[in-house]
Each structure stands twice: as structure tokens, then as C-alpha cells.
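Listed here are the chains, written in short residue letters.
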Amino acid sequence: MEEETGEGTRRELLDALRVEEEFGKVYIHIASDKCQKEKRKTINGDDLIWALTTLGFEDYVEPLKAYFIRYREKRYSWSARFQYIVCL
């Protein structure tokens, strides 16, 4: 007998994780193909957003854009502080 959780059985949860993993591989592959066609070696956030849009997942684009903006702000903020400390 499967152990029931609030959302479903453990097997159902594992199946959902596998599907999510496979989807991740698909949209990263699409972004990678775009980079190869443009003769670039690095996938960036804009490539991932383009791939999601291409696959029809427009609902996820705005939250992902917001995440990337916050990430870049924190990254540059930390980088600027680190440079100041090193220059002292």
C-alpha cells in the first residue's frame, strides 16, 4: 500500500519530479540550440526566457524576468562592495 500524503502518493510525487526534470532538459536544450546557432557558448537568462516563450509558457516569463532582475541587482551590489574592500 502506498503512503498517502496531502497531495498524493509518494509514487505520484516522484513521477511529477521526473516530468519536471525532463521539461527542464527540453527548454534548456532549446535555449542551447539558439546559442549554438548564434555561435555563443553560454546560455543566459534571456535565452531561457526565449525558450519558455517558444514553448508557449508565457505565464512563467514575467516571474522569471523579475527573478533575474533581483538576482542581477544583488550580484552587482555584492560585486561593488567586494571591489571596495579589495581596493582598501
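Given the structure is predicted, the values throughout are model-derived calculations rather than measurements.

### Details of the nonpolar core
(1) Moving on: One finds Tyr27, Ala31, Leu48, Ile49, Ala51, Leu52, Val61, Leu64 and Phe68 forming the largest nonpolar core, which totals nine residues.
(2) Moving on: Mapped by element, the contributors of at least two residues to this core are helix 1 (10-37), helix 2 (45-54) and helix 3 (61-87).
(3) Moving on: In terms of residues, this core owes the most to one element, helix 2, which gives four residues.
(4) Moving on: If we skip the residues at most four places from it in the chain, Phe68 touches Gly45, Leu48 and Ile49.

### Focus on the confidence of the model for the protein
(1) Moving on: Looking at the protein, pLDDT values average 81 and 80% of them are 70 or higher.
(2) Moving on: At the low end of the mean pLDDT range in the protein sits helix 3, at 74; at the high end sits helix 2, at 91.

### Some details on the UniProt feature "domain: Transcription factor CBF/NF-Y/archaeal histone" (unreviewed entry) in the protein
(1) Moving on: Mapped onto this numbering, the UniProt entry gives "domain: Transcription factor CBF/NF-Y/archaeal histone" (unreviewed entry) at residues 21-52.
(2) Moving on: For residues 21-52, the end-to-end C-alpha separation is 15 Å, with 78% helix and 0% strand making up the annotated structure.

### Details of the packing of helix 1 against helix 2
(1) Moving on: Where helix 1 contacts helix 2, the axes come no closer than 8 Å and their chain directions differ by 115°. Considered as vectors, helix 1 and helix 2 are oriented roughly perpendicular to each other. When you trace helix 1 past helix 2, the crossing you get is right-handed. On helix 2, the residues that touch Phe23, Tyr27, Ile28, Ile30, Ala31, Lys34 and Cys35 of helix 1 are Asp47, Leu48, Trp50, Ala51 and Leu52.

### Section: the side chain of Asp47
(1) Moving on: Position of Asp47 relative to the elements: it lies in helix 2.
(2) Moving on: Residue classification places Asp47 among the buried residues on the basis of a relative accessible area of 2%.
(3) Moving on: In this structure Asp47 touches Ala31, Lys34, Cys35, Arg40 and Thr42, once residues within four positions along its chain are discounted.

### Overview of the environment of Val61
(1) Moving on: Looking at the element boundaries, Val61 is found in helix 3.
(2) Moving on: Taking relative accessible area as the criterion, Val61 reaches 8% and is therefore assigned buried.
(3) Moving on: Spatially, the C-alpha atoms of Val61 and Asp46 are 9.9 Å apart, while their sequence positions differ by 15 residues.
(4) Moving on: What Val61 contacts, discounting residues up to four positions off in sequence, is Ile49, Leu52 and Thr53.

Procedures and definitions
Residues numbered from 1 in each chain as written. Predicted model: local features only at pLDDT ≥ 70, side-chain atom pairs only at ≥ 80, totals over all residues. Heavy atoms only, no water. Core = buried A, V, L, I, M, F, W, Y, C linked by side-chain atoms within 4.5 Å. Buried < 20%, exposed > 50% of the residue type's maximum accessible area, 1.4 Å probe, protein only. Helix = DSSP H or I, 4+ residues; strand = E, 2+ residues; numbered from the N terminus. Contact = heavy atoms within 4.5 Å. pLDDT = per-residue confidence, 0-100. UniProt positions renumbered as here; feature names shortened; annotations may be inferred. Axes fitted to C-alpha atoms, helices over the stretch in contact; angles between N-to-C directions. Parallel < 35°, antiparallel > 145°, perpendicular 65-115°, else oblique. Left-handed = near helix turned anticlockwise from the far one by under 90°.

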